[in-house]
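Take a look at the letters that make up each chain.
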Amino acid sequence: RELTGETWTFRFAMGPMPGRAIAGRHGDLYLVSVGDAKLAPRLVRELTGETIAAVAAGNGRTLAVSGGGTALAVTHGAPQLDSLDGEIAQVAFGGSHTAALTRDGRVFGVGDGADGQLGNGGRKPAESMTPVRALAHREVVQVACAASHTLALTQQGDVYCWGRGFEGQLGLGEDRLVAPAPRCISSLRGVRQVAAGGAHSVAVTAEGGAYTWGSGLCGQLGVGRCTRRAKPTRVEGLPAIVASACGTNHTVLLDGAGAIHSCGMTLVSALGEQAKCFAPERFTLPPQEGRIAEIAASGDVTVLRSEAGRVFVWEGSDRLRRVDALASVTVELVGTSGNCVLAFAPLRIASASPPCAPLAGGTGLVLRGSGFCSSGEALVRFVHEPTGSTRLVTGAFSEGMVSDGSVERLLCVEAPSFDAEGPGEVIVAVAIADADFTPHCFRVRYYEEPALIDIFPRAAPIGGGTELVVRAMATVAGDAALFESRAACGSWFGEEGKGHLLASAPAELHSSFNGPRPRRLNLGHQAGPGAVRVVSPAVGSAAMCAFSIAMDGQTFAKSRLPFRFYEAPRFTALAPSCAWVSAEGGATVVITSLSDLFASDDVLVRLKHKPPEPPEPEPEPEAAAGEGEGEGEGEGEGSGSGEGEGEGEWCGLRQLAASDFDAAMAVVPPSGDRFAPRPSSFGDNDLSSDLYD
């Protein structure tokens, strides 16, 4: 209150400032060799379990910066940085020197100092980290190193440079050939990011302008043909630029729309040839890959990261290549040393198997993603989205073998109960040790156990292959009884449902079923919104059992339906062997079987027309029957008299009622009936009879 009425001036940073200390995140760091034709990534297992805050790569060297401010060696160690343990925010590599930025904005240098690139006022090498004292009262937020010069960006948006300036890379004018101590580039203000190449420099301002200076022999300045520019020159004709990266002789600029503008030696022409380009040329990823979110460059290599976390490599005259082996993870940080690519994928859940769980919980969930450890524990948070209720559960890391022989890391956890909250989406997040929960979460569906209504047909042969339709009813208003689930399966339990698991088969929601849709008799068993399709499995012997379904593949519904597996009957006699057919009705035929028949409303009798044998030899009946039961078998065309029917074609189907099973009685259909046959498991032997007017 004492300051009420005072005038205040606020300074805002435009977006995240490069080099600022950020909290490290658990995740996976991958190393990809640019020379590898397959771009196969190698997991840096030595850093598993570490938190990563930044990656540093350039001029043939790579390392990572931990969340604790420590330099972590990847391809090269940096023992000189040990003196800054716990303080490091960023590291940049030059040709033969290294610059480090601490979390409180101080700059240090080590290595060769012949051109003044260490910024300590002299030109001698340093074997230990030497502070750049001239910047002690400036809060530096980013450093960038070239072959023999260094840039520093302050919080206020000012750029300081030191080192070699023969090619104009210091941006201080023609008379400044070497600067052993930092000098401010007075012509630049409001800069948000800097980059340095072999002998040139780039600055991006908060308003989106791109400025270049230094050597321009290969077109890397993007300002037309020139030998060099000793002061910053704006690159004209570009949209608002948000980031830049430099290789030895090329420059890449990223605009706000997710496209890059490249100039210099490594631009890829339509023919895949390397050529000098003196003005920026625009490039975008294919539409299906999305926009570019991050760029990195070193040597003649450019690395792109899409918003979806995919990584692309662009080397010299080679065409753009995607690192396909990293498509299963979401990369959020990239860097390149010119020889290899660093890609960091933070801890993230990519999938859950199964993707659902009952309200009572108890389902064993297997989470897959990136950043998982090979052993140990993690804290898993479940948040019921409709109500906000939270459960915390401890999960265990493990490893599993995949089909290609590689090892994947998993997180196994038991789904908690949300009985009181009801059905809905539950948000799942993971945290390791004392770190924060993952910002990118995964959703698991919680559902009420469905009440099964019926299954059609209620029996299937022991050989399997019969398509079944199962219907269920929701027990909670507004919840779907059955829904799409990759893990859903139907199971049959022996001893009339009271015994062991007899067999299981996957279940598909009717709307996602891609198999053949058979024509059915109108028996009231059509698939609807609350129906799934299951194909019966093969079992060892005939049995009465009970059917149930588990949407998560583990927890079966308490309601169960009676079901029978039977052996296909073999018929031995048919009496009479002929039947009179008219429009009014047919005759009764009694069939005797070697195997026991059972009462069922789902049994069908097939009548198949067989014309008199022609004088010329014809194909075997089995072959003809197979042809008849192919594409044309299901149309049910033709009449009961068989006129116009071909060899082996169906001329009628008739359903048997359970009351007909004193023996096995079928009514021959009248000649005017038409039935659409459905694929089913009929006996493998036929009996002949005559139909006559």
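Residues numbered from 1 in each chain as written. Predicted model: local features only at pLDDT ≥ 70, side-chain atom pairs only at ≥ 80, totals over all residues. Heavy atoms only, no water.

A closer look at the pairing of strand S3 (residues 51-58)
Link 1 in the chain: The buried fraction of S3 is high, at six of eight residues.
Link 2 in the chain: Sheet topology places strand S1 (residues 25-33) next to S3; two bridges connect them, and they run antiparallel. When the sheet's bridge partners are listed, Arg-25 is paired in S3 with Ile-52.
Link 3 in the chain: For S3 and strand S4 (residues 61-66), the ladder comprises six bridges, and the chain directions are antiparallel. Across the sheet, the residue bridging to Ala-54 is Val-65, located in S4.
Link 4 in the chain: Between S3 and S4, which pair antiparallel one after the other, the connecting turn spans two residues, and Asn-59 there sits at a positive phi close to 50 degrees. (Buried < 20%, exposed > 50% of the residue type's maximum accessible area, 1.4 Å probe, protein only. Helix = DSSP H or I, 4+ residues; strand = E, 2+ residues; numbered from the N terminus. Pairing = 2+ DSSP bridges.)

A closer look at the side chain of His-149
Link 1 in the chain: Along the chain, the position of His-149 falls in strand S11 (residues 149-154).
Link 2 in the chain: Within the local environment of His-149, its side chain forms a polar contact with the side chain of Ser-201, the two groups lying 2.8 Å apart.
Link 3 in the chain: The residues contacting His-149, other than those within four sequence positions of it, are His-97, Gln-117, Ala-144, Trp-162, Gly-163, Arg-164, Gln-169, Leu-170, Ala-196, Ala-199, His-200 and Ser-201. (Polar contact = N/O pair within 3.5 Å; in protein donor to acceptor, adjacent residues only side chain to side chain. Contact = heavy atoms within 4.5 Å.)

Here we look at the side chain of Ser-298
Link 1 in the chain: Turning to its location among the elements, Ser-298 is positioned in strand S22 (residues 292-298).
Link 2 in the chain: By relative accessible area, which is 6% here, Ser-298 ends up buried.
Link 3 in the chain: In terms of polar contacts, Ser-298 uses its side chain to reach the backbone carbonyl oxygen of Ser-337, at 3.3 Å.
Link 4 in the chain: Not counting residues within four places of it along the chain, the set of residues in contact with Ser-298 comprises Gly-58, Asn-59, Cys-246, Gly-247, Thr-336, Ser-337 and Gly-338.

A look at the pairing of strand S14 (residues 191-196)
Link 1 in the chain: With six of its six residues buried, S14 lies for the most part within the structure.
Link 2 in the chain: In the sheet, S14 pairs with strand S15 (residues 200-205) via five bridges, with the strands oriented antiparallel. Directly across from Ala-196, in S15, lies its bridge partner Ser-201.

Structural notes on the nonpolar core
It is characteristic of soluble globular proteins that their nonpolar side chains tend to be buried jointly.
Link 1 in the chain: Membership of the largest hydrophobic core comes to 28 residues, with the highest contact counts inside it found for Trp-492, Phe-547 and Phe-563.
Link 2 in the chain: Contributing elements (two or more residues each) for this core: strand S36 (451-456), strand S38 (467-473), strand S40 (501-509), strand S41 (531-535), strand S42 (543-550) and strand S43 (561-566).
Link 3 in the chain: For this core, the leading source of residues is S40, giving four residues.
Link 4 in the chain: Core analysis: the next-biggest nonpolar cluster, separate from the first, contains 25 residues, Leu-359, Val-380, Phe-397 and Ala-415 among them. (Core = buried A, V, L, I, M, F, W, Y, C linked by side-chain atoms within 4.5 Å.)

Things to note about the sheet that holds S22
Link 1 in the chain: Here we have four strands laid out as an open sheet, ordered S22-S23-S24-S25, and antiparallel in their pairing. This sheet does not close on itself; its edge strands, each paired only once, are S22 and strand S25 (321-322).
Link 2 in the chain: Here two bridges tie strand S24 (residues 311-315) to S25, and the two strands are oriented antiparallel to one another. If you follow Val-313 over to S25, its bridge partner there is Arg-321.

A look at the confidence of the model for the chain
Any segment with low pLDDT has predicted coordinates that should not be analysed in fine detail.
Link 1 in the chain: Per-residue pLDDT for the chain averages 81, and the proportion of residues at 70 or more is 73%.
Link 2 in the chain: Segment residues 512-528 is flagged for pLDDT under 50; beyond a separation of four residues in sequence, or across chains, it makes 36 contacts in the model. (pLDDT = per-residue confidence, 0-100.)

As for unusual backbone geometry
Trans peptide bonds make up the majority, and among non-glycine residues the majority have a negative phi.
Link 1 in the chain: Backbone torsion omega between Ser-353 and Pro-354 reads -5 degrees, so that peptide bond is classified as cis.
Link 2 in the chain: Here Pro-354 is to be found in the loop between strand S28 (348-353) and strand S29 (356-358).
Link 3 in the chain: That bond from Phe-456 to Pro-457 is cis: its omega, -10 degrees, falls within 30 degrees of zero.
Link 4 in the chain: Note on placement: Pro-457 falls in the loop between S36 and strand S37 (459-461).
Link 5 in the chain: Positive phi outside glycine occurs at Leu-39, with the angle close to 50 degrees.
Link 6 in the chain: Here Leu-39 shows up in the loop between S1 and strand S2 (41-43).

Let's talk about the state of the cysteines
Link 1 in the chain: Following the criterion strictly, the structure yields zero disulfides and no others.
Link 2 in the chain: For the unlinked cysteine Cys-161, the closest cysteine sulfur is that of Cys-184, found at 8.3 Å.
Link 3 in the chain: Judged by relative accessible area, Cys-161 falls into the buried class, the value being 0%. (Disulfide = S-S within 2.5 Å.)

Here we look at the pattern of salt bridges
Link 1 in the chain: Under the definition given, this model contains 19 salt bridges.
Link 2 in the chain: When the shortest N-O distance is used, the salt bridge between Glu-167 and Arg-164 registers 2.9 Å.
Link 3 in the chain: Arg-164 gets classed as partly exposed once you look at its relative accessible area, which sits at 26%.
Link 4 in the chain: Salt-bridge contacts for Glu-385 lead to Arg-443; the nearest nitrogen and oxygen are separated by 2.7 Å. Here Glu-385, found in the loop between strand S31 (377-384) and strand S32 (390-401), pairs with Arg-443, found in strand S35 (residues 442-447); they are 58 residues apart in sequence, far enough to count as distant.
Link 5 in the chain: The partly exposed category is assigned to Glu-385, whose relative accessible area is 38%.
Link 6 in the chain: Linked through salt bridges whose partners overlap, the residues forming this network are Arg-25, Glu-332 and Arg-348. (Salt bridge = Lys/Arg side-chain N within 4 Å of Asp/Glu carboxyl O.)

Examining the packing of aromatic side chains
Think of a pair of aromatic rings as described by two things: how far the centres are apart, and how the planes are tilted against each other in angle.
Link 1 in the chain: Counted according to the given criterion, the structure contains nine aromatic pairs.
Link 2 in the chain: Measuring from centroid to centroid gives 5.0 Å for Phe-418 and Tyr-446, while their planes differ by 85 degrees, and the two rings are edge-to-face. You can see Phe-418 sitting in the loop between strand S33 (407-414) and strand S34 (424-431) and its partner Tyr-446 sitting in strand S35, a full 28 residues away along the chain.
Link 3 in the chain: When its relative accessible area of 0% is taken as the criterion, Phe-418 is described as buried.
Link 4 in the chain: Judged by relative accessible area, Tyr-446 falls into the buried class, the value being 0%.
Link 5 in the chain: Each residue in the set Trp-492, Phe-547, Phe-563 and Phe-565 is aromatic and connected to the rest through ring pairs, giving one cluster.
Link 6 in the chain: Sitting over the face of the ring of Phe-437, Arg-381 holds its NZ or CZ atom 4.4 Å from the ring centroid.
Link 7 in the chain: Lying across the ring of Phe-483, Arg-445 places its NZ or CZ 4.0 Å from the centre. (Phe/Tyr/Trp six-rings, centres within 6.5 Å; stacked < 30°, edge-to-face > 60°. Lys NZ or Arg CZ within 6 Å of the ring centre and 35° of its normal.)

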